[in-house]
Amino acid sequence: MNLFEITHLTKVYRDRTVLSIDKLYLERERIYAVLGPNGAGKSTLLRILNLLVEPDSGDIKFVDGQLLKQGHKSYDMARRMCMVFQRPLMFSTSVYNNVAYGLRLRKLPHREIERRVSEAIDFVGMQDFINYPATKLSGGEMQRVALARALVLRPEVLLLDEPTANLDPHSVQVIEEIVRKHHQQFGTSVIMVTHNLFQAKRMADEVILLVGGEVVEKSNAEDFFNNPSNERSKAFLDGTMVY
Ligand SMILES: Nc1ncnc2c1ncn2[C@@H]1O[C@H](COP(=O)(O)OP(=O)(O)O)[C@@H](O)[C@H]1O
Ligand SMILES: [Mg+2]
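Now for a quick tour of the structure. (Residues numbered from 1 in each chain as written. Chains lettered and ligands numbered in written order. Predicted model: local features only at pLDDT ≥ 70, side-chain atom pairs only at ≥ 80, totals over all residues.)

## Quick look at the sheet that holds strand 4 (residues 57–62)
Reading across the sheet, the 4 strands line up as 2-1-4-5 and stay open at both edges, with antiparallel pairing between neighbours. Among the strands making up the open sheet, the edge pair consists of strand 2 (16–26) and strand 5 (66–67). Pairing of strand 1 (residues 4–13) with strand 4 involves 5 bridges; the strand directions are antiparallel. Paired with Glu-5 across the two strands is Lys-61, which belongs to strand 4. (Pairing = 2+ DSSP bridges. Helix = DSSP H or I, 4+ residues; strand = E, 2+ residues; numbered from the N terminus.)

Next up, the structure:
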């Protein structure tokens, strides 16, 4: 069974169709890079998958074939995914409390919260900062905490929207390593929007190129970068694409 099966999906904002995907199937336990120019609909797609935005038409089937939609059962499905954004929003409290937040909402026993929070903080290498005020951290450190806050919930799917766009090269590498390690250890499915083609090359099994709300190409990363099958992909990679 696939992770997502998207058919006839559209999203319209103010009479403008910003997303129109006829068919897109994503497999489980893979890393996908979603590429495309600004305004291509990448964030909209991620928000729809995460049930933050409702599409205007179309169906999305999630893992076991159930339809992904707002309302009925959506809460259960949304819990199986976590999204991390370009600019992490930290609560003005300690790193520990930031990471514990989601588990407290889920009303887990105190002991288990403690154990899982410290595991997650270790996982992202932030144990020295556990009592530190989160809002005082550097951008790279905050993004690690944002990842810990997501990973502590043990998501099956990680949705990452330009998670390293504002970070220096070392922090980029650290974040990539955390995501890769989680994927390898737990089989987490990853869908990552990025403008960094090197990152896509380093991380992705599969690439999806979105332009003007449409999927121009979906192929395995090696083929995409070495042997793109269509003109628009070539133009995008060359930097000669006209939008
Ligand atoms: N809430 C919204 N209201 C109106 N237009 C929106 C909204 N969100 C996104 N859009 C429009 O939809 C298009 C796709 O946006 P987005 O998914 O953010 O693109 P990307 O992430 O690829 O840069 C853009 O033209 C954007 O202006
Ligand atoms: Mg975006």
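Having seen the model, we can carry on.
## Points about the environment of Glu-114
Looking at the element boundaries, Glu-114 is found in helix 4 (residues 110–123). Its 14 C-beta neighbours within 10 Å are what place Glu-114 among the partly exposed residues. Expressed as a C-alpha distance, the spacing of Glu-114 and Gly-239, which sit 125 residues apart in the sequence, is 48 Å. (Buried ≥ 20, exposed ≤ 12 C-beta atoms within 10 Å, placed from the backbone.)

## What to know about the nonpolar core
Proteins that are soluble and globular tend to have nonpolar side chains buried together. Ranked by size, the top nonpolar core spans 68 residues in total, and within it Val-34, Val-99, Ala-148, Leu-159 and Met-192 carry the most contacts. The dominant element in this core, judged by the number of residues it contributes, is helix 5 (residues 139–151), at 7 residues. If we ignore the near neighbours within four places in the chain, the residues touching Leu-159 are Leu-46, Leu-49, Asn-50, Met-81, Cys-82, Met-83 and Ile-191. (Core = buried A, V, L, I, M, F, W, Y, C linked by C-beta atoms within 7 Å. Contact = placed C-beta atoms within 7 Å.)

## So, the site of ligand 1
Around ligand 1 sit Tyr-13, Arg-14, Val-18, Gly-36, Asn-38, Gly-39, Ala-40, Gly-41, Lys-42, Ser-43 and Thr-44, and those are all the residues in its vicinity. The element best represented in the shell around ligand 1 is helix 1 (residues 42–49), accounting for 3 residues. A breakdown of the residues in the shell around ligand 1 according to their chemical character gives 3 nonpolar, 6 polar and 2 charged. (Near = placed C-beta within 6 Å. Nonpolar A, V, L, I, M, F, W, Y, C, P; charged D, E, K, R; others polar.)

## Remarks on the sheet that holds strand 9 (residues 206–211)
Strand order in this open sheet of 6 strands is 6-7-8-3-9-10, and the pairing throughout is mixed. For this open sheet the edge positions go to strand 6 (81–84) and strand 10 (214–220), each flanked by a neighbour on one side alone. Between one strand axis and the next, the sheet turns through 15° on average, direction left out of account. (Axes fitted to C-alpha atoms, helices over the stretch in contact; angles between N-to-C directions.)

## A look at the pairing of strand 9
With 6 of 6 residues buried, strand 9 is to be regarded as a mostly interior element. Across the two faces of strand 9 the burial is the same, with Glu-206, Ile-208 and Leu-210 and Val-207, Leu-209 and Val-211 all buried. Pairing of strand 3 (residues 31–35) with strand 9, which is carried by 4 bridges, proceeds in the parallel orientation. When the sheet's bridge partners are listed, Val-34 is paired in strand 9 with Ile-208. Alignment of strand 9 against strand 10, held across 6 bridges, turns out to be antiparallel. Directly across from Leu-210, in strand 10, lies its bridge partner Val-215.

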